[in-house]
Structure formats: structure tokens, C-alpha cells
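# Topology and contacts: notes
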Amino acid sequence: MSIIAIFAVLLLSVSARTERAVQAAEGFTAPQFEINSDSSSVSLAGLKGRYVLLNFWDSTDAVSRIATADYDAFARSLGNEERFCLLSVNLDRSERLFREIVRRDNLSAESQMHLSPTEAAKIITDYRLARGNCSFLINPEGKIVAVNPDAASLAELI
């Protein structure tokens, strides 16, 4: 009976740790992804060696748009900083709406990408995203060092 109890405890602890290891959370390796758009392709592996602020946002969520504009302004303030990359991923159903919001909010088109619902499904699952804004600061080794950081925190961390 004690062997079964020990086995059950080990199984539960391993399964709980395994779930957290794939969950996008501070201190864990960021889930890998590759995003393909009309003109470019970006992968997390290709950005290794840099701090990456991976920002997921939705045009219909006001808080999300404000955070995206703040992150865009922060990235612009750094200029051509080679150690930092902003990658804002829009999860709207409509690419037309996404393009209009990027134009209206004067966001840097180079750091903005749109994913169709089909393309976004894996990333949404891997990063366990809900609607609205969610961002992850990933260090040069690929570990998540902050979730939803503000500009002041970003400046300190990088």
C-alpha cells in the first residue's frame, strides 16, 4: 500500500510540474513559435540572444490597445537597440481592423503582426491566452522574466 501511495505522490508532483513547465509563466522557458506574414517570418529561436517583449493584443479591448501603444513608444525610445525586440501579435479576427488600428494608433508597422484565428490557435494554447492584452518579456536565453511588465520595469530588466 505504501508503494502505491509513494507512486501516486510522485505521479501527481511530476504532472503538476510538467503542466507548469509548459505554461507561460515567469522563470520558465517561453514556448517556441513561428509567425509567418506576407513579407516576413519571425521565430522565437531566431531572436535568441536578445530580450524579446512578446505582446499579444486585441483591437477591441481598450486596455490592450493602450498597453500596445505604451510598448511601442518604449521600443521607439530605445531606437536601434540590438539587445531588445518588440513583437506585438494581434489576435483579431479581422486583418482589416488590425491594419486600421495600427494606422490610427500610429504604431510601428515593423513590430506589429496579425494572426488569423487558425494561425493563432497554437500560440493561444501554448501561452494560455485569454482575450485582451498579455505580454511576456523573454530574456536572451529564452526564459520568461516578466509577465505584463510596465515601461519602468522593462527599463530595469533590460
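Let us look at the structure shown here. Only a predicted model underlies this, so the values are computations on that prediction, with no experimental measurement involved. (Residues numbered from 1 in each chain as written. Predicted model: local features only at pLDDT ≥ 70, side-chain atom pairs only at ≥ 80, totals over all residues. Heavy atoms only, no water.)

### Here's the deal with the packing of aromatic side chains
Tallied over the full model, the rule gives six aromatic pairs. Each ring, one from W57 and one from F98, has its centre 6.1 Å from the other, and the planes form 50°; the classification is tilted. Here the residue W57 occupies a position in strand 3 (residues 51–57), and F98 occupies one in helix 3 (residues 95–104), the gap between them amounting to 41 residues. By the burial criterion, W57 is buried, and F98 matches it. Ring geometry for Y127 versus F136: centroids 5.1 Å apart, planes at 50°, classification tilted. Of the residues examined, Y127 reaches a relative accessible area of 2% and is grouped as buried. Residue classification places F136 among the buried residues on the basis of a relative accessible area of 1%. (Phe/Tyr/Trp six-rings, centres within 6.5 Å; stacked < 30°, edge-to-face > 60°. Helix = DSSP H or I, 4+ residues; strand = E, 2+ residues; numbered from the N terminus. Buried < 20%, exposed > 50% of the residue type's maximum accessible area, 1.4 Å probe, protein only.)

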